[in-house]
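# A closer look at the structure
Letter by letter, the chains look like this.
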Amino acid sequence: MKENTGKSKYVMLGMLALTPQTGYTIKKWLENEYSHFWQESYGQIYPTLRKLVEEGLAVSSHNSEHGNGRGQIIYTITEAGKKELSDWLLKAPEIEKFRYEILLKISFGDNTTKEVLLGHLDEFIKRNEKLLKDMNGYMEEMDGAKGQNFDCTYSKLTALCGIHLYSAMKAWAIEAKGIISSKGEKNHEAKNT
């Protein structure tokens, strides 16, 4: 389960400010557009939406035109919800938490072999290449949405950040591989006996 940062309320309000949505469309949007920079627990979506309705920050309505005949609950932001979102947007963002397990493993590199570290870096490069491909795909999708009366400027900026971040991480990993490869192999076995 993802860490609950207390920001779920604002994630939902921000998404509802774009357009009325169901819990399912919010989940899909989180998976597709936000997952590269924000992790949100899917188990928090419906409880958070219910709480927004209780607090008067959103309203819910039943729509029987969509889905499998059972209908769907559509959530729409209220004026109070827009004010709450606006107030939150005025506050300075919290300092980002930077956690990369690969950096921990590299920092403890004296305790393993060069091959193990190079293997980790190869996987890290592949992962960042995939993420770069995803970000470029999002950029293309958003360029394709231009004629649909939907402004993608700010969404494109988050994808652009991902492109820069994943490009930098890939470049670092390639450079790190070169440094590790040129480093004399420490006799790990002799060190531990």
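Predicted, not measured: the structure shown is a model, and the values here were computed from it. (Residues numbered from 1 in each chain as written. Predicted model: local features only at pLDDT ≥ 70, side-chain atom pairs only at ≥ 80, totals over all residues. Heavy atoms only, no water.)

What follows is about the overall build of the protein. The helix and strand tally for the protein stands at 8 helices and 2 strands. Reading the helices (α) and strands (β) of the protein from amino to carboxyl end gives α-α-α-β-β-α-α-α-α-α. Counting all 193 residues of the protein, 31% fall into the buried class. For the protein, the share of sequence-separated contacts (at least 6 apart) that also reach a separation of at least 24 residues comes to 63%. Per element, the accessible surface of the protein, about 13,000 Å² overall, is 56% carbon and sulfur. (Helix = DSSP H or I, 4+ residues; strand = E, 2+ residues; numbered from the N terminus. Buried < 20%, exposed > 50% of the residue type's maximum accessible area, 1.4 Å probe, protein only. Contact = heavy atoms within 4.5 Å. Areas by Shrake-Rupley, 256 points an atom, 1.4 Å probe, with all protein chains shown as cover.)

Right, let's talk about the layout of surface pockets for a bit. Estimated volume of the largest pocket: approximately 2,300 Å³. Lining the largest pocket we find 49 residues, and of these Y34, F37, W38, Q39 and E96 sit closest to its centre. Those elements giving two or more residues to the lining of the largest pocket turn out to be α1 (8-18), α2 (23-34), α4 (79-90), α5 (101-107), α6 (114-144) and α7 (153-182). Per-element accounting of the lining of the largest pocket gives the leading share, 8 residues, to α7. Of the residues assigned to the lining of the largest pocket, the class counts are 25 nonpolar, 11 polar and 13 charged. (1 Å grid on protein atoms, 1.4 Å probe; cavity = no way out; pocket = protein on both sides within 12 Å on 5 of 7 lines; lining within 4 Å. Points joined across faces, edges and corners; volume = space filled by probe spheres on them. Nonpolar A, V, L, I, M, F, W, Y, C, P; charged D, E, K, R; others polar.)

When you line up the elements, K170 lands in helix α7. Overall, K170 belongs to the partly exposed group, its relative accessible area being 23%. When the C-alpha positions of K170 and D122 are compared, they lie 9.6 Å apart, and in sequence the two are 48 residues distant. Among all residues touching K170, those that are not within four sequence positions of it are I125, N128, E129 and L132.

This next bit is on the packing of α1 against α4. At their nearest, the axes of α1 and α4 sit 10 Å apart, and the two run at 120° to each other. Between α1 and α4, the crossing angle belongs to the class labelled oblique. Crossing of α1 against α4: the hand is left-handed. Contacts between α1 and α4 involve K9, Y10, L13, G14 and A17 from the first element and G81, E84, L85 and W88 from the second. When its residues are assigned to classes, the contact of α1 with α4 shows 5 nonpolar, 2 polar and 2 charged. (Axes fitted to C-alpha atoms, helices over the stretch in contact; angles between N-to-C directions. Parallel < 35°, antiparallel > 145°, perpendicular 65-115°, else oblique. Left-handed = near helix turned anticlockwise from the far one by under 90°.)

The next thing to look at is the packing of α1 against α2. Viewed as axis vectors pointing N to C, α1 and α2 meet at an angle of 95°, and their least axial separation amounts to 11 Å. As summarised for this structure, α1 and α2 are arranged roughly perpendicular, according to the angle between their axes. Between α1 and α2, the contacting residues are V11, M12, M15, L16 and L18 on the first element and I26, W29, L30 and Y34 on the second. Across the contact of α1 with α2, the residue classes tally to 9 nonpolar, no polar and no charged.

Take the pattern of salt bridges next. If you walk through the whole model with that rule in mind, you get 14 salt bridges. In this structure, the salt-bridge partner of K27 is E31, at a minimum N-O distance of 2.5 Å. Of this pair, K27 and E31 both sit in helix α2, separated by 4 residues, roughly a single helical turn. The exposure class assigned to K27 is partly exposed, which follows from its relative accessible area of 27%. One salt bridge connects K130 with D134, and the closest N-O pair in it is separated by 2.9 Å. One end of the pair, K130, and the other, D134, are both in helix α6, 4 residues apart, so they sit about a helical turn from each other. (Salt bridge = Lys/Arg side-chain N within 4 Å of Asp/Glu carboxyl O.)

Purely geometric stuff here, so don't read any function into it on its own.
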